[in-house]
Amino acid sequence: MAPKLPPQPPLQHNTTAVADGQSHGHAAPPKGILRWLLTTNHKEIGSLYLIFSLTMFFIGGIFALVVRAELFQPGLQLVEPEFFNQMTTMHGLIMVFAAVMPAFTGLANWMIPLQIGAPDMALPRLNNFSFWLLPVSFTLLLSTLLMPGGGPNFGWTFYAPLSTNFAPPSTTFFILALHIAGISSILGAINIIATILNMRAPGMRLMDMPLFVWTWLITAFLLIAVMPVLAGVITMMLMDINFGTSFFDAAGGGDPVLFQHLFWFFGHPEVYIMILPAFGIVSAIIPTFARKPLFGYASMVYATAAIALLSFLVWAHHMFIVGLPLVAELFFMYSTMLIAVPTGVKVFNWVTTLFRGSISFESPMLFALAFVVLFTIGGFSGLMLAIAPADFQYHDTYFVVAHFHYVLVPGAIFAIMAGVYYWLPKWTGHYPNEKLAQWHFWFSIIGVNLTFFPMHFAGLAGMPRRIPDYALQFADFNLLSSIGAFFFGASQLLFVLGVILCVRGGKKAPAKAWEGAEDLEWTVPSPAPLHTFETPPVFHRTSH
Amino acid sequence: MRSRWWLMAVSLAASGSQAQTNGWNMPVGVTDVSSDIYGLHMTIFWICVVIGLVVFGAMFYSLFRYRHSKGAKAAHFHEHTSVEVLWTAIPILILVGMAVPATATLKNMYDSSDAELDVMITGQQWRWRYEYLGEDVAFTSNMSTPRTQISGEETRGEHYLLEVDEPLVLPINRKVRFLMTSDDVIHSWWVPDLAVKQDTIPGFINENWVKINEPGIYRGQCAELCGIDHGFMPVVVRAVEEEEFDSWLAERKEAAEQEAMGVDREWAMDELVERGESVYQSICSSCHQAEGQGSPPAFPALANNEQLINDVDWHLDKVVNGVSGAAMPAFRSTLNPVEIAAVVTYTRNAWGNDTGDVVQPSAVAELIAQ
C-alpha cells in the first residue's frame, strides 16, 4: 500500500515557476503505473522502496517459516534437504539484500531531504533507476527457484567451491541478480552522499545534522567501499563456473579460502550497513519520547565512525576455524573485541538520555527501547563469539544463528518498524492506530524472543546451522523456536494492517506530530506535501 | 522427564563417559583444552551478565522513575567528559582482562608439536575418511542411522543421526595430531566434547590436535554446509585405553594386509556382489540412492543406465577417476582395489542391470597403477 499522497496541487508551485518565466516546474505527473515507473520524487521513491521491502520481508519470512516448519520436530516431514537448503539460502539473501537494505534506503529517501532541508535527492533520475533495478534483480533471483536443478542452495554466504563446481546451473542467474542489486546499492549510496554533502540547509554544519543523516552518510561510504568487492568476488565465481578459471578451485591451483577473505571483507561491513542507520533512527526516537536531548551527540558520531572503520579490520573473525595462522587469529580477536567499545558508548548514551527524562511509551518508543535491550543482548553474544578459542565451539552452530538474528530482527528490523511508526504521521498525515501498534509490539517481542532465545541453548548444546534434521536432544529447543517463528510471522500482519489503516485515515497529525521531536522534518505540514523545502529553510542551531 | 535424565546418567556412566553435558550449555568436554574453553566461555558469559544487569538496571530504573505520565520533568543536561572517558576506559580494561587468558588458550591450541599419533581426516560428500598415517590403516565412516528412521517409518534410536558404521578410534592420554583436508567442498570436523572444530578444505591441510583424558564415545557433526546431506555426516570418536588402542590398531593392520593380499586372487561373483553391496550402501547410496535410481539431474540413475551397462571400461573409469566438474569423486585412493572391483561388479548386476560382468580386483589394481 502506498501512503496516500496529499491532495495533489500540481499548479501550486508552478505559479512561481511561471512567474520567473521558466518551465522547470512540475508538470502534472503521468497517471497510473507510469507515474510510479517514471517518478523522480524522493517521497514517492521512498514509498516504493518501503513497499518493495515490506513485500520481500514477507517472501523471505515465508521461506523462514518453511525452514522452521521442517525443523518443528526431528525427521524429514515436509521438504527434501535439497529444497531446505534453497530455503535457508533464499531466506538469507532476500532478508539481507531485499528487505533490510531497501527498507533503510527507503527511509533515507523519505527522511534525509526532509531532515536536512533539501527539496529532493541530489540525483533524482538516478534515484528512480536505483529503485527499479531492485524488482528486476529479485524477480530474477526468485525465478531461479523454478529453474532445473533449483535455486541457490549453498547458504547466503555462498562459499566456494560449493557455490562454483558443485552448484546448480541457476547460479549464473544468482550472480547476475546480485550484480544488479549491488549496482542499485552503489548508485543509491552515491546519491545519498551527494545529497548530504551538497544540499543541507544554509547554516547546517555536518555536526548539526540529525544522527539518522550522519549514520546514513557513513553507511553510504561503507556501501561504496564494499559493494565493488562483492561484485569482484561474484565475478570470479562467474569465471570459475563458466570460463574455466580456477580462482577458488584447488584442483586448478586456486584457493577456496581466498573466497572467504573476499566475501567477508564485503560481508562484515555489510552487517554494519544493516545496523548503523538503525542506530540513527533510535537516536532520533529516544530523545523525542524522553523529551530530553541526546546525551552525547558528538560521541555518537565518533562512535559510528569508529565502528565503520573497525568493520574493515575484523572480517576474519568469521573464519576462525579455517586454519588461519596464530598471529592472524590473535589480531582479528583483538580487533573484534575492540568493537565492543564504541558500541558500548552508544548504548550508554541511549541509557543516559533516558536518565532524568520525561518518558512516554508510544509505539515508536517501545520498539526503540526493545531495540536497545535486545540489540545489546545480540552484542553480548557477539562479544562471546569474538573470543577465538570459544568460537571454535560456537562457530557454525545455532548460537551464531541466535546472535545475528538478535542484532538483525529485534535490532535492524525493530528499528525500521520504530522509524515507520515514528514517521507515519509525517508521511500520511495520520497517527497510526496506537492500540494496534501496541499489540503488534507485544506480540513481536514475545515472538522474537521465543524464536531466537532457545537457539542459544541449541547451539551451545551442539546443534550445527543449516541442517534439515537434528539429533533428538535438540528437539525441545526447535519446537519452541518453530512455535515462536509462526507467532512472530503472523503478528507482522498486524503491522501491515496498521500501515494500511494509517494511510487510509486516523487521528489527524499536526506538523510536529510528537511533542518532543526537534528535527526539520517536523516543520513541514503533515502529510508532507509532494514538494517541500523548495526554498531552503533557515536552520536554527538546537542544543546538539 | 526425571526418569529420562536418570537413564541418561546411567547410560553415560555405563559407557565410561565423563562428558558433562547438561543439554543447555557448552560441554566441559574431556580434554584440557575443552575445559579451558569452557572456562573462557563461562567467564565472558558472567561478564556479560554483570554488564547487562548494570546497564539494563539503569535503563529500567529510568523508564520507571521518570515517566511522563507521573509528571516527570525532563532535565536538559548533555555531555560530560569524565563520564564519557570512564565508559570508554572501563570496557577496554575488561576486554584486556579477557584477552589475556584467551590468548594463552589459543597459543596452546595451536601447538600441535610432539604428537604420538598422526591421523589424516578427509571430508567427502558426505562421510569422513580416517587414515592412521604410517600404520597402513584407513577406513571411511558413514552415518549408520537408517533412512527409515529419518522418514519416520521406524522409531528413532537414542543416537539418531549421531551414529556411524565405523567410529574413529583414538587412545586416551596420548597427543594425537589431526591433519585435515577435503576431497570436494569445505566440511568442518567437530566434536564438542573434544573442543575440536576445524574446516577441512580442498587443497589445504589444516592441523589440530587432541589429548583425551577419559575413555568414552564422543559424538559430533559436520559443521560447514557441504551440500544435500550436510545434516547426515556425523563424527563419532571412540576413545579407549592405550593398550586397547594398540591391540585394535594391530588387528586392523593385519586385516588390511589380508585384504591387500586378496587383490591377487581370483574372486567369485557372489563374493564380489556381497562385498559390493555393503560398499554401495555405505558409500554410493547417499547420492545414487538405495535402488540405484539416482536423483537426476545432479546424481544420475545407475539402474538401467545404458552407458553403464554397455561399457564396463567407462564404468570402471568413472569410479576410479571420478567425473570432473560433477559431484562424482575419484575413488582411486579412498577405496581399495577389492572394494572398487566389488562395487562395480555389484552395480553391474543389481536392479535389473544383469550384465553378468565380473570385475576382478587385480584388474582394478592394474588400472590404478597406470
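Worth saying up front: this structure is predicted, and the values here are computed from it rather than measured.

Draft legend 1. Inspection of the overall build of chain B at higher detail. For chain B, the helix and strand inventory stands at 10 helices and 10 strands. Here the C-alpha radius of gyration of chain B, 27 Å, is well above what a compact globule of 370 residues would show, namely 21 Å. In terms of its C-alpha atoms, chain B occupies a principal-axis envelope of roughly 95 × 50 × 45 Å. Scored against the burial criterion, the 370 residues of chain B give a buried share of 47%. Of all intrachain contacts in chain B linking residues separated by at least 6 positions in sequence, the fraction that spans at least 24 positions is 63%. Here chain B carries 25 positive and 49 negative side-chain charges, and the mean point of each set is 14 Å from the other.

Draft legend 2. Seen up close, the overall build of chain A. Counting its secondary structure elements, chain A contains 17 helices and zero strands. Taking 544 residues into account, the globule formula puts the C-alpha radius of gyration at 24 Å, and chain A, at 23 Å, falls close to it. For chain A, the residues scored as buried account for 66% of the 544 residues in total. Considering only contacts within chain A whose residues lie at least 6 apart along the sequence, 82% involve residues at least 24 apart. Roughly 17,500 Å² of accessible area belongs to chain A as shown, and the carbon and sulfur atoms make up 72% of that amount.

Draft legend 3. Inspection of the sheet that holds strand β8 (residues 206-210) of chain B at higher detail. Residue and element names in this part refer to chain B. Here five strands make up an open sheet; going across it, the order is β3-β2-β1-β5-β8 and the pairing mixed. A single partner strand is all that each edge strand has here, and the edge strands are β3 (137-141) and β8. Strand-to-strand twist in this sheet, taken as the mean axis angle between neighbours without regard to direction, amounts to 25°. In the packing of helix α5 (residues 242-262) onto the sheet, the strands contacted are β1 (117-124), β2 (127-132) and β3, and the crossing angle to β3 comes to about 95°.

Draft legend 4. Here's a closer look at the UniProt feature "domain: Cytochrome oxidase subunit I profile" (unreviewed entry) in chain A. Here, the residues flagged by UniProt with the feature "domain: Cytochrome oxidase subunit I profile" (unreviewed entry) are residues 36-540 of chain A. Annotated as 68% helix and 0% strand, the span residues 36-540 of chain A places its first and last C-alpha atoms 35 Å apart.

Draft legend 5. Spatial organisation of a negative patch on the surface. All names here are of chain B. Among the surface-exposed residues, E131, D136, E251, E254 and E257 lie close enough to one another that they form a single negatively charged patch. Here the negative patch takes three residues from α5, the largest share from any one element. Relative to the helices and strands, E251 resides in helix α5. Looking at E251, the relative accessible area reads 57%, which means it is exposed.

Draft legend 6. Representation of the sheet that holds strand β6 (residues 187-191) of chain B. Residue and element names in this part refer to chain B. On the basis of which strands lie adjacent, the open sheet formed by five strands has the order β4-β10-β9-β6-β7 and mixed pairing. Looking along the sheet, the strands with just one partner apiece sit at the ends: β4 (168-171) and β7 (196-200). When the angles between neighbouring strand axes are averaged without regard to direction, this sheet yields 25°. Both strand β9 (residues 216-222) and strand β10 (residues 234-240) contribute to a ladder of six bridges, which runs antiparallel. By the bridge assignment for β10, Q221 is matched with P234.

Draft legend 7. Main features of the nonpolar core. Counting 266 residues, the largest nonpolar core has A:F97, B:Y132, B:F178 and B:W189 as the members making the most contacts within it. For this core, the element with the most residues is helix α15 (residues 398-428) of chain A, which contributes 22 residues. Taken domain by domain, the makeup of this core includes at least three residues from each of domain 1 (25-69 + 79-110) and domain 2 (117-256) of chain B. Residues B:W267, B:I283, B:A341 and B:Y346 belong to the second largest nonpolar core, which totals 26 residues.

Draft legend 8. Highlighting the UniProt feature "transmembrane region" (unreviewed entry) in chain B. Residues and elements named next belong to chain B. As recorded in UniProt, the sites labelled "transmembrane region" (unreviewed entry) are residues 43-64 and 85-104. Split by type, residues 43-64 is 100% helix and 0% strand. Its first and last C-alpha atoms lie 31 Å apart. Across residues 85-104, helical content stands at 100% and strand content at 0%; the span's end C-alpha atoms are separated by 29 Å.

Draft legend 9. Region of interest: the interface of chain B and chain A. Across the contact, 89 residues belong to chain B and 99 residues belong to chain A. Buried area between chain B and chain A, both sides added, is near 7,800 Å², and the carbon and sulfur share of it is 71%. Interface area lost by chain B to chain A is led by B:F77, B:W87 and B:L225, which between them contribute 9%. Between the two partners, chain B and chain A, sit zero salt bridges. One can count 24 residue pairs in polar contact (both at pLDDT 80 or more) joining chain B with chain A. Listed by contribution, the elements that provide at least two residues to the side of chain B that touches chain A are α2 (32-65), α3 (81-109), α4 (147-151), β6, β7, β8 and β9 of chain B. Ranked by residue count, the leading element in the side of chain B that touches chain A is α2(B), at 16 residues.

Draft legend 10. Representation of the confidence of the model for chain B in the model. Residues and elements named next belong to chain B. The pLDDT averaged across chain B works out to 88; a share of 94% of its residues lies at or above 70. Here residues 1-20 scores under 50 on pLDDT; set against residues more than four positions off or in separate chains, the count is 16 contacts. For this predicted complex, the interface confidence comes out at an ipTM of 0.90, alongside a pTM of 0.89.

Draft legend 11. View of the packing of helix α4 (residues 81-116) of chain A against helix α8 (residues 256-273) of chain A. All names here are of chain A. Where α4 contacts α8, the two axes come as close as 11 Å, and the packing angle between them is 45°. Considering their axes alone, α4 and α8 lie oblique with respect to each other. Residues V96, F97, M101 and F104 of α4 touch α8, and the partners they reach there are F266, E270 and I273. Its residues assigned to classes, the contact of α4 with α8 shows six nonpolar, no polar and one charged.

Scoring rules and cut-offs
Residues numbered from 1 in each chain as written. Chains lettered and ligands numbered in written order. Predicted model: local features only at pLDDT ≥ 70, side-chain atom pairs only at ≥ 80, totals over all residues. Heavy atoms only, no water. Helix = DSSP H or I, 4+ residues; strand = E, 2+ residues; numbered from the N terminus. Rg over C-alpha atoms; globule rule 2.2 N^0.38 Å. Buried < 20%, exposed > 50% of the residue type's maximum accessible area, 1.4 Å probe, protein only. Contact = heavy atoms within 4.5 Å. Lys, Arg positive; Asp, Glu negative; His and termini not counted. Charge placed at Lys NZ, Arg CZ, Asp CG, Glu CD. Areas by Shrake-Rupley, 256 points an atom, 1.4 Å probe, with all protein chains shown as cover. Pairing = 2+ DSSP bridges. Axes fitted to C-alpha atoms, helices over the stretch in contact; angles between N-to-C directions. UniProt positions renumbered as here; feature names shortened; annotations may be inferred. Patch = residues over 30% accessible without salt bridge, like charges linked within 9 Å, V, L, I, M, F, W, Y side chains within 5 Å. Salt bridge = Lys/Arg side-chain N within 4 Å of Asp/Glu carboxyl O. Core = buried A, V, L, I, M, F, W, Y, C linked by side-chain atoms within 4.5 Å. Domains from an automatic or database assignment. Buried area = accessible area lost by both parts, 1.4 Å probe. Polar contact = N/O pair within 3.5 Å; in protein donor to acceptor, adjacent residues only side chain to side chain. pLDDT = per-residue confidence, 0-100. Parallel < 35°, antiparallel > 145°, perpendicular 65-115°, else oblique. Nonpolar A, V, L, I, M, F, W, Y, C, P; charged D, E, K, R; others polar.

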